[in-house]
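These are the residues of each chain, in order.
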Amino acid sequence: MALHDVWFGLLAVLFLGFLILEGFDFGVGMLMEPIARMGSGDREPRRRAVLNTIGPVWDGNEVWLLTAGGAMFAAFPGMYATVFSSLYLPLLAILFGMIVRAVSIEWRGKVDDPKWRGWADFGIAAGSWLPAVLWGVAFAILVRGLPVDAEHQVNLSVTDVLSAYTLLGGLATCGLFLLYGAIFVALKTSGSVHDDAFRVAVRLSLPVTVLVAGFGIWTQLAHGKAWTWLVLGVAVVAQLATVALVFTRRHEGWAFLCSAVVITAVVVLLFGAMYPNLVPSTLDPRWSVTVSNASSSAYTLKIMTWAAAIFAPLVVAYQSWTYWVFRQRISADQIPPSIGLARRTP
Amino acid sequence: MNVVDVSRWQFGITTVYHFIFVPLTIGLAPLIAVMQTIWVATDNVAWYRLTKFFGKLFLINFALGVATGIVQEFQFGMNWSEYSRFVGDVFGAPLAMEGLAAFFFESTFLGLWIFGWSRLPRLVHLACIWIVAVAVNLSAFFIIAANSFMQHPVGAHYNPTTKRAELESISTLFTNNTGLAAFGHTVTASLLTGGTFIAAVSSWWIVRSHSQTENGDARSIYRPATILGCWVALAATVALFFSGDAQGKLMFHQQPMKMASAESLCDTQTDPEFSILTVGRQNNCDSLTRVIEVPYVLPFLAKGRFHDVTLQGVRDIQRDDQQRFGAGDYRPNLFVTYWSFRAMIGFLLFPVLFALTALWLTRGGRIPNGRWFSRLALLTLPTPILASSAGWVFTEMGRQPWIVAPNPTGDPKVHLVVADGVSHHAPVMVVISLVTFTLIYAVLAVIWFWLLKRYVVEGPQEHDAEPAAPAPPGADEVAPLSFAY
């Protein structure tokens, strides 16, 4: 096995880290308003209880994506160049969403004003829904392939981006993150928000199962390999376990774990279906962008392997510690009054 | 409209915009860490209040720095995919390492710092902000190392089979003298920005709290903060001179065209004079009139001596470059290069004069109360940021038409012009993204400015007057959170 095969795996791991961690961040962002509206009484503390489940960690989670992007640039410049230039508009929308979400989360509490918070909540919602759908679309496009020519240039048409399969991919990741996020909120909260998060998870579990199963089976039948049947099997079993655990309305820790296994299996399935291609060519398989023709030199890969071997475990260690520090559940009653300033100088 | 110009505008706008927030982040983080350290060491609550006050301003700014930084990493692939193919083997590594070794630290420990005030032991919490302060500077190191490869490519060779530059030695890449000098220059410019920010905001508050006459905050809080900010700004200025001088000397050697343009030196000359004002009817060498000049300065800037220095002019370098690289225009935009260089130096005078004034007015326990002084403070506040912007415009525009400038002593094949680095997009697509980014950036800039202003005017807040007692163990389940978004 050559180093570029190792790096294919490492790239998958970095994207997996991103989707496992930002997956529930997206879910929290999408569910903030719906959960807040479920209970009676003041919605604002409920919104904030949901948002603060990811408060200290969301920014660190997002770095997994930036590192995955950087690693793609460093290890597979050919893939980085082809993917980022051809999927231009979807990426633009994702970037737009990420910018809006970041400033909305950070600035939401800075001004104590309902209108201000309304805009921030819109930003958080838009910045969560957009990437939750678009990452699924993007991965589906990559698995399905693009019209890559001999020079690794892509002349994109609308049907390459929007097809039944890619849309199903978008719905599947969006659904997965919704369910995963609801379970995460249940895990991190107590009181009425906790109960409502479970209600959301129960309602979501069956439709999400259908979407994920549909996308998984389509991927396997159209693009899968023999060994990925096993991965699909794991995904299905873990998803069924998640649903069963959600219906007990207890054991949110186990449900969260099972849901994370589903996401892991889906990512492995997608990357497994791609390998050894990075961007399959729909024009001629010989023109595909592959792990060998798009990778960096052996020297660069070696340096990057060292860097990853030293720093990745360190990152996992201190990020885990962060989750330990902020392990306590949050209830709406514990949310302190806003310390934001009034809109105008008094 | 061609795709190269639109892509260049987009890169210029997003980068200069990003670098409004970055120097504040890099400069403020260590200074806030210093404030918190003084508080922890002396238990003087004034420094706690300062930490909280400037900490809030820091966080407002940090959010936008992060949000706009994401675009930076992605747009190489989106708009400059041919460049990415050509240099990815070299250029990607520092970007990926920035994520792994710096940005992860920065984001994770900042989250711990924001939410950990009464949850973490004091020293552990203090360590968090120091880790952030070191990590933001480490971030700068990796990014500058990558940028310096575009200015002066080292540690790489051209591989004719893969038709790209390939990394030869990571240590050579990271010890690129261009990069080390630029890193020193960027970090000290950021400290200047942070120091000036603290000094200016505190000075404004000295005068304001003096006129309110309700408390001794001017003496206990704002005066020490002003003095801290001023000394940092002055020390940073000295370091800026040395790092800038080192950069200039390297540049005369490594990118002679850039420095010749910066000096509007059109013809090769021995002991040329430094131009303070040169005007031209057109943006080229044909119509220049050198109005004010100073002797000795330019030879010293280039070689460190006052005599016997021959510098090549734009026309001669253009002729040489055409021989080496084929037909083409290898001259950067003279007007922009010349004036951005002078703007960078010119804006530096404001914080220096302000720091000297403020130190003089606060000497021996004095509390200045002149309105003019607080106005001067506000006027000075943005000048280091403007100087940084001008510096980047100079160094990036002066590199044109190269996206990877040739290294006179390196592999002669490792170079690329901007036009060959751009993605093969229809211009309209890049226009869409240019318009999207410009609009959203404009809106965010207005909010950012308004938020900072609102929080500066509010001053240190009531609820930050005293540090909260650490939560007793077991109170987690019921006690209100010490901080929540």
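Criteria and cut-off values
- Starting from 1, residues in each chain are numbered consecutively following that chain's sequence as written.
- Naming scheme: in the order in which they are written, chains are lettered from A and ligands are numbered from 1.
- For a predicted model such as this one, the threshold for reporting local features is a pLDDT of at least 70, and the threshold for listing and counting side-chain atom pairs is 80 or more; totals across whole chains, interfaces and linings nevertheless cover every residue.
- Strands are runs of DSSP state E lasting at least 2 residues, helices are runs of H or I lasting at least 4, and numbering of each runs from the N terminus.
- This radius of gyration counts C-alpha atoms alone. The globule rule is 2.2 Å times how many residues there are, raised to the power 0.38.
- Neighbour counting defines burial: a residue surrounded by 20 or more other C-beta atoms within 10 Å of its own C-beta is buried, one with 12 or fewer is exposed, and intermediate counts give partly exposed, using backbone-placed C-beta atoms.
- Contacts here follow a simple rule: the backbone-placed C-beta atoms of the two residues must lie within 7 Å.
- To get an axis, a line is fitted to the C-alpha atoms, and for a helix only the part in contact is used. The angle between two axes follows their N-to-C directions and goes from 0 to 180 degrees.
- In these notes the angle categories are as follows: under 35 degrees is roughly parallel, over 145 is roughly antiparallel, 65 to 115 is roughly perpendicular, and the rest is oblique.
- Handedness of a crossing is defined here by the sense of rotation of the near helix relative to the far one, left-handed for an anticlockwise turn of less than a right angle and right-handed for a clockwise turn.
- Under the scheme applied here, ten amino acids are nonpolar (Ala, Val, Leu, Ile, Met, Phe, Trp, Tyr, Cys and Pro), four are charged (Asp, Glu, Lys and Arg), and all others, including Gly, are polar.
- Linking buried Ala, Val, Leu, Ile, Met, Phe, Trp, Tyr and Cys residues through C-beta atoms within 7 Å yields a set, and such a set is a nonpolar core.

Concerning the overall build of chain B
Okay, so step 1: Scanning chain B from terminus to terminus reveals 15 helices and eight strands.
Okay, so step 2: Radius of gyration (C-alpha) of chain B: 24 Å, near the 23 Å computed for a compact globule of 485 residues.
Okay, so step 3: Taking the principal axes of its C-alpha atoms as reference, chain B extends roughly 75 × 50 × 40 Å.
Okay, so step 4: Taken across its 485 residues, chain B has 54% of its residues classed as buried.

Considering the overall build of chain A
Okay, so step 1: For chain A, the count of helices and strands is twelve helices and two strands.
Okay, so step 2: Listing the helices and strands of chain A from first to last along the sequence gives α-α-α-α-α-α-α-α-α-α-α-β-β-α.
Okay, so step 3: Against the globule reference of 20 Å for 346 residues, chain A gives a C-alpha radius of gyration of 21 Å, in line with a compact fold.
Okay, so step 4: Principal axes of the C-alpha set define a box for chain A whose edges measure 65 × 50 × 40 Å.
Okay, so step 5: By residue count, 59% of the 346 residues in chain A fall in the buried class.
Okay, so step 6: Of all intrachain contacts in chain A linking residues separated by at least 6 positions in sequence, the fraction that spans at least 24 positions is 79%.

Considerations on the packing of helix α1 (residues 3–38) of chain A against helix α12 (residues 298–325) of chain A
All names here are of chain A.
Okay, so step 1: Following both chains from N to C, one finds α1 and α12 inclined at 40 degrees, their axes separated by 10 Å at the closest point. Classified by the angle between their axes, α1 and α12 sit oblique to one another. In this structure, α1 meets α12 at a crossing whose hand is left-handed. Counting all contacts with α1, which are made through Leu3, His4, Val6, Trp7 and Leu10, the residues of α12 involved are Ala298, Leu301, Lys302, Thr305 and Ala308.

Focus: the interface of chain A and chain B
Accessible area lost upon the coming together of the parts is a frequently used measure of interface size.
Okay, so step 1: If you look at the interface, chain A gives 63 residues, while chain B gives 62 residues.
Okay, so step 2: Ranked by the residues each element gives to the side of chain A that touches chain B, the list is headed by α12(A), at 13 residues.
Okay, so step 3: Each residue belonging to the side of chain A that touches chain B can be placed in one class, and the counts come to 40 nonpolar, 18 polar and five charged.

Considering the nonpolar core
Okay, so step 1: A:Leu11, A:Leu31, A:Val50, A:Ala182, A:Val185, A:Ala201 and B:Val132 are the most contacted members of the largest nonpolar core, which totals 278 residues.
Okay, so step 2: Broken down by element, this core gets its largest block of residues, 20 residues, from helix α3 (residues 81–115) of chain B.
Okay, so step 3: Setting aside anything within four residues of it in sequence, one finds A:Leu31 in contact with A:Val50, A:Leu178, A:Gly181, A:Ala182, A:Val185 and A:Val200.

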